Amino acid sequence: MNKLTILLMALFVVTTVAAQDGKDARIKEIRAAYTQAKKKIDQNGKGGKSPKDMSITINYLEDEDVPLYTEESIDYFFDETSTDGVTTKRPYFIVEYWTCHGHVNYREILLNPQSQQVMFCYMRGETDGGFVVESRYYYDTKGKCIEVKHSTDNSWTTDDSEKENAEYYLKIFNMLTYNGYFTPVEPGTKGKPTTPKAQRVKQIRSLYAQAKDKIAKNDKRTMSNDLQIIIHDQGDDMPPNTREINMYFDTACYFISTHSSSMSFDGYSEYLFDPQGESLIFSYTRGREEGNEYEWRYYYDENGKCIETKSNSEETDDGFYDKLAAKDYQAIFNALLKEVVER
């Protein structure tokens, strides 16, 4: 054996040992971050502090003729920072439960609170064959998986699929906590035949009554079709705030309601969509602040143009901001429901 060969072998051994040491150190770091995250979650909302979390609950009847029903919840725990008056929320831990075909599944995602890079994923699932599968994935600072642990060979997840899940849920969180409107509203379709105003308003009121009746029946069903989002947070120098979003659907999303409340503010909104779930046809907003209450009702024609405004406020906008908000909520609904259907 010549000196060059010996040198190369020595370099290989040193490199391998260094890589293993780096990997072991990273896994140790991840486990410490996981333990710290669990402690923060345990203290969330305690000690007189406002909770900082968001919960998404999806109930979905896959087929009325076949008893396949999906229930899913996604819980986020986040930190808040404020810079130059802008509050930023960054999740550090995500928990997901879902049932499908009678099986219970569970997932945990640990994120770096600063970079939002995925650090660790855990998944526990039940298969139709009766197997219970547990998988753990550890990632380095660049998002590359460095360690995989499966309880059996029957795992259906991979380091790539779990990382994609983490990035998807982070995208949903950012959509829901975005300070502003992220979906542009198009100028509106032109050329669609429009119903005379009086008849259109009467038609909208009828559809509104039907939607409310459908929601009442849905709420009484064992297997319902609805999606609920609750966000608890507290910005700097702000009282505790709760925001609740309810979305109702059958073949399409037909009604969305939102409620934001704190010690100093209470706001409520409704969005009614056409039977195909595409166009906003009516919106209602109520706001109460410092003892004053204001209401706005907007009716839209088939081209999205506001044809009737009813308000006790001098300030109206022909429903422009309601249309922006409705588009955002539709985008969130479509993203969430698509995930459930394709699971």
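Residues numbered from 1 in each chain as written. Predicted model: local features only at pLDDT ≥ 70, side-chain atom pairs only at ≥ 80, totals over all residues. Heavy atoms only, no water.

**Q** In this structure, what is going on with the overall build of the protein? I would like to understand it.
**A** Tallying secondary structure elements over the protein gives 4 helices and 14 strands in all. The 343 residues of the protein split such that 41% are buried. For the protein, restricting intrachain contacts to residue pairs at least 6 apart in sequence, the fraction spanning at least 24 positions comes to 45%. By element, 51% of the accessible surface of the protein is carried by carbon and sulfur atoms, the whole surface being about 19300 Å². (Helix = DSSP H or I, 4+ residues; strand = E, 2+ residues; numbered from the N terminus. Buried < 20%, exposed > 50% of the residue type's maximum accessible area, 1.4 Å probe, protein only. Contact = heavy atoms within 4.5 Å. Areas by Shrake-Rupley, 256 points an atom, 1.4 Å probe, with all protein chains shown as cover.)

**Q** Even after reading the chapter, I still don't get helix 2 (residues 159-176), so can you show me in this structure?
**A** Since the α-helix turns once every 3.6 residues, residues separated by three or four places project in the same direction. The terminal C-alpha atoms of helix 2, which comprises 18 residues, lie 26 Å apart, in line with the 26 Å expected from a rise of 1.5 Å per residue. For helix 2, the full list of buried residues reads E162, K163, N165, A166, Y168, Y169, L170, I172, F173, M175 and L176. (Expected span 1.5 Å × (residues − 1).)

**Q** Explain unusual backbone geometry here, please?
**A** Negative phi values dominate among residues other than glycine, just as trans dominates among peptide bonds. A positive phi is found at Q116, a non-glycine position, where the angle reads about 65°. Looking at the element boundaries, Q116 is found in the loop between strand 4 (103-111) and strand 5 (118-126). Phi angles above zero are rare outside glycine, and D318 is one such case at about 60°. Mapped onto the fold, D318 is located in the loop between strand 14 (306-311) and helix 4 (320-342). Taking relative accessible area as the criterion, D318 reaches 47% and is therefore assigned partly exposed.

**Q** Hey, could you run me through the nonpolar core in this one?
**A** Nonpolar side chains in soluble globular proteins tend to end up buried together. With 46 residues, the main nonpolar core has I56, I229, M247 and L336 as its most contacted residues. When sequence neighbours within four positions are dropped, the list of residues in contact with L336 reads I56, I58, I74, Y168, I172, L227 and I229. Counting 14 residues, the second-largest nonpolar core is a separate cluster that includes A37, F93, M119 and F120. (Core = buried A, V, L, I, M, F, W, Y, C linked by side-chain atoms within 4.5 Å.)

**Q** Would you mind going over the pairing of strand 4 with me for this structure?
**A** The buried count for strand 4 comes to 8 of 9 residues, which makes it a mostly enclosed element. Taken together, the 8 bridges between strand 3 (residues 86-100) and strand 4 define a ladder with antiparallel strand orientation. In the strand pairing of strand 4, Y97 is matched with Y106. Two successive antiparallel strands, strand 3 and strand 4, enclose a turn made up of 2 residues, where H101 displays a positive phi of approximately 55°. Where strand 4 meets strand 5, 6 bridges bridge the pair, whose relative direction is antiparallel. (Pairing = 2+ DSSP bridges.)

**Q** Would you mind going over the environment of C121 with me for this structure?
**A** Checked against the element boundaries, C121 lands in strand 5. Looking at C121, the relative accessible area reads 0%, which means it is buried. The sequence separation of C121 and R107 amounts to 14 residues, and the corresponding C-alpha distance is 7.3 Å. The contact partners of C121, leaving out residues within four places of it in the chain, are E108, I109, S135, R136, Y137, Y139 and E162.

**Q** Would you explain the pattern of salt bridges in this entry?
**A** When the charged atoms of two side chains lie near each other, side chains of opposite charge can form a pair. Evaluated as defined, the whole model comprises 18 salt bridges. E295 is the partner of R297 in a salt bridge, and the nearest nitrogen-oxygen pair spans 3.8 Å. One network of salt bridges, in which partners are shared, links K52, E80 and K89. (Salt bridge = Lys/Arg side-chain N within 4 Å of Asp/Glu carboxyl O.)

**Q** Help me understand the side chain of D266 in this model?
**A** Following the sequence through the fold, D266 ends up in strand 11 (residues 265-273). Taking relative accessible area as the criterion, D266 reaches 12% and is therefore assigned buried. At 2.9 Å, the side chain of D266 and the side chain of H259 are in polar contact. (Polar contact = N/O pair within 3.5 Å; in protein donor to acceptor, adjacent residues only side chain to side chain.)

**Q** How should the environment of H103 be read in this particular structure?
**A** Mapped onto the elements, H103 comes out in strand 4. Classification of H103 by relative accessible area gives buried; the value is 18%. Spatially, the C-alpha atom of H103 lies 7.7 Å from that of G125, the residues being 22 residues apart in sequence. Apart from the residues within four sequence positions on either side, H103 is in contact with W98, E126, T127 and D128.

**Q** Help me out: how do you make sense of helix 3 (residues 197-220) in this one?
**A** In this model, helix 3 (24 residues) spans 35 Å end to end at C-alpha, consistent with the 34 Å of a helix rising 1.5 Å per residue. Those residues of helix 3 lying buried are R200, V201, I204, A211, I215 and N218.

**Q** Looking at this model, I keep getting lost on a nonpolar patch on the surface. Mind explaining?
**A** Taken together, Y181, F320 and Y321 make up a surface patch of nonpolar side chains, about 320 Å² in accessible area. For Y181, the position within the fold is in the loop between helix 2 and helix 3. (Patch = residues over 30% accessible without salt bridge, like charges linked within 9 Å, V, L, I, M, F, W, Y side chains within 5 Å.)

**Q** It is not clear to me how the environment of G304 should be interpreted in this structure. Could you clarify?
**A** Here G304 lies in the loop between strand 13 (292-300) and strand 14. Remark: the alpha-carbon pair of G304 and K323, spanning 19 residues in sequence, is separated by 8.8 Å.

**Q** How should the packing of aromatic side chains be read in this particular structure?
**A** Aromatic ring pairs are described here by two measures, namely the spacing of the ring centres and the angle between the planes. As enumerated under the stated definition, the model contains 19 aromatic pairs in all. Centre to centre, the rings of Y271 and Y329 are 5.8 Å apart; their planes meet at 55°, and the pair counts as tilted. With Y271 in strand 11 and Y329 in helix 4, this residue pair connects regions lying 58 residues apart in the sequence. Considered together, Y271 and Y329 belong to a single accessibility category, that of buried residues. Note on F282 and Y299: the rings are 5.0 Å apart at their centroids and 55° apart in plane angle, and the pair reads as tilted. Taken together, the residues F282 in strand 12 (residues 280-289) and Y299 in strand 13 connect sequence positions 17 residues apart. A single burial state applies to F282 and to Y299, both of which are buried. Site record: aromatic cluster; members linked through ring pairs are Y34, F93, F120 and Y138. Cation over ring: K40 sits above Y92, and NZ or CZ is 3.9 Å from the ring centre. (Phe/Tyr/Trp six-rings, centres within 6.5 Å; stacked < 30°, edge-to-face > 60°. Lys NZ or Arg CZ within 6 Å of the ring centre and 35° of its normal.)

Without other data, these values stay purely geometric and don't point to any function.
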